[in-house]
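One letter stands for each residue in the lines below.
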Amino acid sequence: MSDAGTTLPGGRNGAGPDPCPAPGARHLLRGRHFLQLAQGGGGRDAVAALRSAQRSRRLVLLRALVESADRYAPWHASLPAAQEAWALLADAETADREAVESVLLHPSVGSWLSRTLRELRTEADAGPAPAVLGDAARVHALAAAAALRARVPFRAVVPLTERGVLLPSLGYATLPQNPADPVAEVFRDHGGSGVRCSSGTVPLPADLTRDAPGWWALRRLRAPGVEPAGAPLLDDLDPWRHFLRRLPVARLDEDETRRWRRLYEDAWPLVAEQRRIDPEGLADCLLAVTPLPDRSPAEVFSGSDPEAFGGLLLTRPARPVDLAVALVHEAQHSKLSTLMDLVALMRGGREETHYAPWRADPRPLRGMLHGVYAFLGVAAFWFALRERPGTTDAERAAADFEGALRRGQVEEGLGTLWAHAVLTHAGERFLRVMEGTLAAVLKETVPAAAALAAEEARDDHRMVFRLSQLRCAGAQAEAWADALADGTPAPPAFPDVTLRTGPLTPDVRTRLVRIRIGDRERFEGLRADPGSVGASPADYAWAAGDRDAAQAGYRRLIAENPADPAAWAGLALSLPEGRARGILLHRPELVSAVYRLLLLRGRPRPPHTLAALIAEAADRGATAG
């Protein structure tokens, strides 16, 4: 691989007339780096190769955006052509290559580039809408941010963001009063730097990482002894920081910022002590955290996007360990996304038709590969966590459960990939190496209670998926209902099933088990107010181990709503071992469909009784066959 990567020619100082990037050496991944990444790790050298490739990709997209935008008149008369921004970036790179790279690799820059370029190129013949050209004009703010970081003299007209100027990867200048124009000028000269507009000038501080009057700097999350590479930005400013939608500039208050900083200070040491995932390489994949509003006291949401390498969307976790898990999980996604830009691992695999043990909806095989890779890292994290000195019994119990759950999901996901994915030679090698890591994780011993809880969590998830996302063939389900109603022999086979677009059912019971194992006091507090996490009294009874009360509760829920996937799965989990439980574990959609058909005919059967009858009928049919 070329250590230098792609460069920007065509600056103001005579680098050449050709406005396109010079062809650089092709990015190639060394065999040892590929092996490290396939094992689930990857040190700083391996991740540096990924970052270099990501930088080149951003430059290619940026050049395409410049050329696309310059086919049209600028969004505002005061804005120069986008080529001027490209030239300023080239000047900045000549002065300080790392400064430009830090701006280009800012996660929100990737989101902005990919989405804006798509919109520029898919607009109707009439040309892009003004809003799209306004988004493209952000290229001038990008160049200004790079020039400020590189400390070169310049003047650049940039578009306003709300009532100020957003400089990607740096911060936000709040302008005085109400500017008359939607643009401002960013400058740096011998007297310093600043932002000026029709309503006044905001001087920028010499240290752009610190707040100043009129300047909100992007703050960092740091842990003691961690260099900036392991100190991601806390991005609450950039409108493109969310990869699914635009967000307003929304500065976190000081109290909330302190909470995030304390969490990170306590979470990072848990990551740094990893045995199987190189923490230094992982740190280089964590560039910015975007805080999101809490969605549930029992759930942490995290997300990332292939276009936003190093970016992490996250609701504030309740515990440092939850943040540490999110950091590991999303860093794994970032590594794999960039690796797959360099190396083809599979062909096709984009159709969302497969069950993923960690998702409520069907997933494509590429998504399956991502999940396997990310959760393999998470499983390794939990098992390594058990070895920390001073770990409490509750913490160890939680790590046992989480590690057992995630490794089981990974094993199932790998099986799906081997069965259905069209793998390249490199893809086969990648999966084989991952299997080696999984084999080591599977050798980790866990107590029987943790293993059972993990198995039941996986059974619960699979049943809810089948109940909510699979539909029995109508005529075949009717035939089963006829047999059960009339006492005639059952059909020789179970009904065919097809995927449907059903509502997604939250994984409530597993969340409750997770809380009960790790924090009994919190579990009891939530149980006193069951509606706070969307759980029923039956869910709490099941999570607490009272299966009789849970079974009675789930029967009532099914009577109230015979199509409730969570209630049917909960009933199965509450039943003792036997035929009824077995058929619900493997064909819950059939039992639910027949129950509703019999109900419509006025010949209802208790759900657990019906399940046993269907299992007996299926056994008789199999024996007769």
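Coordinates for the structure precede this section.
From a predicted model like this one, the values you see are computed outputs, not experimental measurements.

All right, on to the overall build of the chain then. Helix and strand counts for the chain stand at 23 helices and 16 strands. In terms of C-alpha radius of gyration, the chain reaches 28 Å, essentially the compact-globule figure of 25 Å for 625 residues. For the chain, with 625 residues in total, the buried portion stands at 57%. Once local pairs closer than 6 in sequence are excluded, the contacts in the chain between residues at least 24 apart make up 68%. Per element, the accessible surface of the chain, about 26,400 Å² overall, is 51% carbon and sulfur. For the chain, the separation between the mean place of its 76 positive charges and that of its 77 negative charges on side chains is 1 Å.

This part is about the packing of helix α2 (residues 44-69) against helix α5 (residues 107-122). At a minimum axis separation of 10 Å, α2 and α5 run at an interaxial angle of 40 degrees. What the angle tells us is that α2 and α5 run oblique. As α2 packs across α5, the resulting crossing turns out to be left-handed. Facing Arg58, Leu61, Leu62, Ala64, Leu65, Ser68 and Ala69 of α2, the residues of α5 in contact are Pro107, Val109, Gly110, Trp112, Leu113, Thr116, Leu117, Leu120 and Arg121.

Right, let's get into the environment of threonine 209. Structurally, threonine 209 is set in the loop between β6 (200-204) and β7 (215-217). Here the alpha-carbon distance between threonine 209 and tryptophan 480, two residues 271 residues apart in the chain, equals 68 Å. When near neighbours in sequence (up to four residues on either side) are disregarded, threonine 209 contacts Ala217 and Leu218.

Scanning all chains against the criterion turns up ten aromatic pairs. Both rings, one in tyrosine 264 and one in tryptophan 268, keep their centres 6.1 Å apart while their planes meet at 20 degrees; by these two values the pair is stacked. Remark: tryptophan 268 and tyrosine 264 occur in helix α8 (residues 254-272); sequence separation between them is four residues, near one turn of the helix. On the basis of relative accessible area, tyrosine 264 is assigned to the buried category, the value being 1%. Here tryptophan 268 falls in the buried class, since its relative accessible area comes to 7%. Ring geometry for tryptophan 480 against phenylalanine 494: centres 5.7 Å apart, planes inclined by 15 degrees, an arrangement best described as stacked.

In spatial order, the strands read β1-β4-β5-β6; together these four strands make up an open sheet with antiparallel pairing. A strand with exactly one partner marks an edge of an open sheet, and here the two such strands are β1 (154-159) and β6. The sheet shows a mean angle of 20 degrees between the axes of neighbouring strands, taken without regard to direction. Pairing of β1 with strand β4 (residues 183-189), which is carried by six bridges, proceeds in the antiparallel orientation. The residue of β4 that forms the bridge with phenylalanine 154 is arginine 188. Packing against the sheet, helix α7 (residues 138-150) makes contact with β1, β4, β5 (192-197) and β6, and its axis sits at approximately 145 degrees to β1.

This paragraph deals with unusual backbone geometry. A positive phi angle, near 60 degrees, is found at arginine 151, a position not held by glycine. Relative to the helices and strands, arginine 151 resides in the loop between α7 and β1. With a phi close to 75 degrees, serine 169 is a non-glycine residue in the positive phi region. Inspection of the secondary structure assignment puts serine 169 in the loop between β2 (164-167) and β3 (171-174).

Time to look at the environment of leucine 50. Position of leucine 50 among the secondary structure elements: in helix α2. For leucine 50, a relative accessible area of 0% gives the class buried. Taking the C-alpha atoms as reference points, leucine 50 and leucine 342, separated by 292 residues in sequence, lie 8.3 Å from one another. Those residues within four positions of leucine 50 in sequence are excluded, and the remaining contacts are Leu29, Leu37, Lys335, Thr338, Leu339 and Leu342.

Across the sheet, which stays open at both edges, the five strands sit in the order β8-β9-β10-β12-β11 with mixed pairing between neighbours. At either end of the open sheet lies a strand with only one pairing partner, and these are β8 (219-220) and β11 (302-303). Pairing geometry for β8 and strand β9 (residues 233-234), over two bridges, is antiparallel. Across the sheet, the residue bridging to arginine 220 is leucine 233, located in β9. Seen against the sheet, helix α10 (residues 320-342) touches β11 and β12 (311-315) and runs at an angle of roughly 150 degrees to β12.

Moving on, we come to the pairing of β2. Of the two faces of β2, the one carrying Gly164 and Leu166 and the one carrying Val165 and Leu167 are both buried. Counted along the chain from β2 to the antiparallel partner β3, the turn is three residues long, and its residue serine 169 has a positive phi close to 75 degrees.

The next thing to look at is the pattern of salt bridges. Per the stated rule, a full pass over the model turns up 43 salt bridges. Here arginine 251 ties to aspartate 211 by a salt bridge, and the two come within 2.9 Å at their closest N and O atoms. Of this pair, arginine 251 sits in the loop between β9 and α8 while aspartate 211 sits in the loop between β6 and β7, and the two are 40 residues apart along the sequence. By relative accessible area, which is 42% here, aspartate 211 ends up partly exposed. Among the salt bridges present, the one from aspartate 393 reaches arginine 396, with a minimum N-O distance of 3.9 Å. You can see aspartate 393 and its partner arginine 396 sitting in helix α12 (residues 393-420), three residues apart, about one turn around the helix. Taking relative accessible area as the criterion, aspartate 393 reaches 65% and is therefore assigned exposed. Since its relative accessible area comes to 31%, arginine 396 is described here as partly exposed. Members of the salt-bridge network, linked through shared partners, are Asp211, Arg219, Asp236, Arg251 and Glu254.

Here arginine 261 shows up in helix α8. Considered as a pair, arginine 261 and glutamine 83 are 178 residues apart in the sequence and their alpha carbons are 40 Å apart. Apart from the residues within four sequence positions on either side, arginine 261 is in contact with Arg219, Arg220, Leu221 and Arg222.

Time to look at the pairing of β6. The pairing of β5 with β6 spans five bridges and is classified as antiparallel. Across the sheet, serine 193 pairs through a bridge with leucine 204, a residue of β6. Taken together, β5 and the strand that follows it, β6, pair antiparallel across an intervening segment of two residues.

The rules we used
Residues numbered from 1 in each chain as written. Predicted model: local features only at pLDDT ≥ 70, side-chain atom pairs only at ≥ 80, totals over all residues. Heavy atoms only, no water. Helix = DSSP H or I, 4+ residues; strand = E, 2+ residues; numbered from the N terminus. Rg over C-alpha atoms; globule rule 2.2 N^0.38 Å. Buried < 20%, exposed > 50% of the residue type's maximum accessible area, 1.4 Å probe, protein only. Contact = heavy atoms within 4.5 Å. Areas by Shrake-Rupley, 256 points an atom, 1.4 Å probe, with all protein chains shown as cover. Lys, Arg positive; Asp, Glu negative; His and termini not counted. Charge placed at Lys NZ, Arg CZ, Asp CG, Glu CD. Axes fitted to C-alpha atoms, helices over the stretch in contact; angles between N-to-C directions. Parallel < 35°, antiparallel > 145°, perpendicular 65-115°, else oblique. Left-handed = near helix turned anticlockwise from the far one by under 90°. Phe/Tyr/Trp six-rings, centres within 6.5 Å; stacked < 30°, edge-to-face > 60°. Pairing = 2+ DSSP bridges. Salt bridge = Lys/Arg side-chain N within 4 Å of Asp/Glu carboxyl O.

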